[in-house]
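# Inside the fold
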Amino acid sequence: MRLDIRAFACAGGLAAALLFVVCSAGVALAPQATATFAGDLIHADLTGLVRTLTWGSFALGLVVWTAGTALTFAVIAATYNRMASTAPAGR
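About the thresholds
For every chain, the first residue of the written sequence is number 1, and numbering continues from 1 onward in sequence order. Local features in a predicted model are, by the rule used here, given only for residues with pLDDT of at least 70; side-chain atom pairs are given and counted only at 80 or more, and totals for whole chains, interfaces and linings are based on all residues. Note that water and hydrogens are dropped before the side-chain values are worked out from all heavy atoms of the structure. Ring geometry is summarised as follows: Phe, Tyr and Trp rings, the Trp one being its six-membered ring, pair when their centres sit within 6.5 Å, and such pairs are stacked at plane angles under 30 degrees, edge-to-face over 60 and tilted between the two. A helix here means a DSSP run of H or I that spans at least four residues, while a strand means a run of E at least two residues long, and both kinds are numbered starting from the N terminus. Exposure categories follow from relative accessible area, calculated using a 1.4 Å probe and restricted to protein chains: below 20% of the type maximum is buried, above 50% is exposed, and the middle band is partly exposed. One fewer than the residue count of a helix, multiplied by 1.5 Å, yields its expected span. In what follows, a contact means two residues having at least one pair of non-hydrogen atoms within 4.5 Å. A 3.5 Å cut-off defines polar contacts: any pair of N or O atoms within that distance qualifies, except that in protein one atom must be a possible hydrogen donor and the other a possible acceptor, and neighbouring residues in sequence count only when both atoms are side-chain atoms. As a rule, the C-alpha atoms of each element are fitted with a line to give its axis, helices using only the stretch in contact, and angles between N-to-C directions run from 0 to 180 degrees. Comment on the angle field: the value is read as roughly parallel under 35 degrees, roughly antiparallel over 145, roughly perpendicular from 65 to 115, and oblique elsewhere. Helix crossings are classified by the rotation of the near helix relative to the far one: an anticlockwise turn of less than a right angle makes the crossing left-handed, while a clockwise turn makes it right-handed. The nonpolar class holds Ala, Val, Leu, Ile, Met, Phe, Trp, Tyr, Cys and Pro. Asp, Glu, Lys and Arg form the charged class, and all remaining residues, Gly among them, are polar.

### Observations concerning the packing of aromatic side chains
With the rule as written, the count across this model stands at three aromatic pairs. Measuring from ring centre to ring centre gives 5.8 Å for Phe20 and Phe58, while their planes differ by 35°; the resulting arrangement is tilted. Residue Phe20 is found in helix H1 (residues 5-29), and its partner Phe58 is found in helix H3 (residues 55-85); the two are separated by 38 residues along the sequence. Look at Phe20 and you get buried, because its relative accessible area is 15%.

### Notes on H1
Along its 25 residues, H1 runs 36 Å from first to last C-alpha, staying within 8% of the 36 Å computed at 1.5 Å per residue. Three or more residues of H1 are buried, namely Ala9, Gly12, Gly13, Ala16, Ala17, Phe20 and Ser24. Tucked inside the fold, the buried residues of H1 contact H3. Residue Asp4 occupies the N-cap position of H1, its side-chain oxygen lying 3.1 Å from the main-chain nitrogen of Arg6.

### Brief notes about unusual backbone geometry
Here the phi dihedral of His43 falls at roughly 60°; this positive angle occurs in a residue that is not glycine. On the secondary structure map, His43 appears in the loop between helix H2 (31-42) and H3.

### With respect to the side chain of Thr34
Inspection of the secondary structure puts Thr34 in helix H2. Separated by 2.8 Å, the side chain of Thr34 and the backbone oxygen of Ala30 make a polar contact. If near-sequence neighbours (up to four positions away) are discounted, Thr34 is found in contact with Gly26 and Val27.

### Quick word on the packing of H1 against H3
The relative placement of two packed helices is expressed as an angle between their axes plus a distance between the axes. Relative to each other, H1 and H3 sit at 150°, their axes nearing to 7 Å. Classified by the angle between their axes, H1 and H3 sit roughly antiparallel to one another. Crossing of H1 over H3 shows right-handed handedness. Across the contact of H1 with H3, the residue classes break down as 16 nonpolar, seven polar and no charged.

Here it is, written out as structure tokens:
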């Protein structure tokens, strides 16, 4: 089975964009709680790193995370397709 590289990249980019919007909403609405939650996830104290979210930082982050994730998924799909096509028969 081959992966459609464009569809896989778009799906990954869209998922990243949605997660970025949810995370940004948390930062904008409850920065201290979001920093505490993120710190709990990585076992670190991030409460001193609380920052204010601006429209510019939101837009730039959304574009960079979406494009970066889409590119990563495209590379993964292309690599998978190449490896799948060279796999021994019967696998």
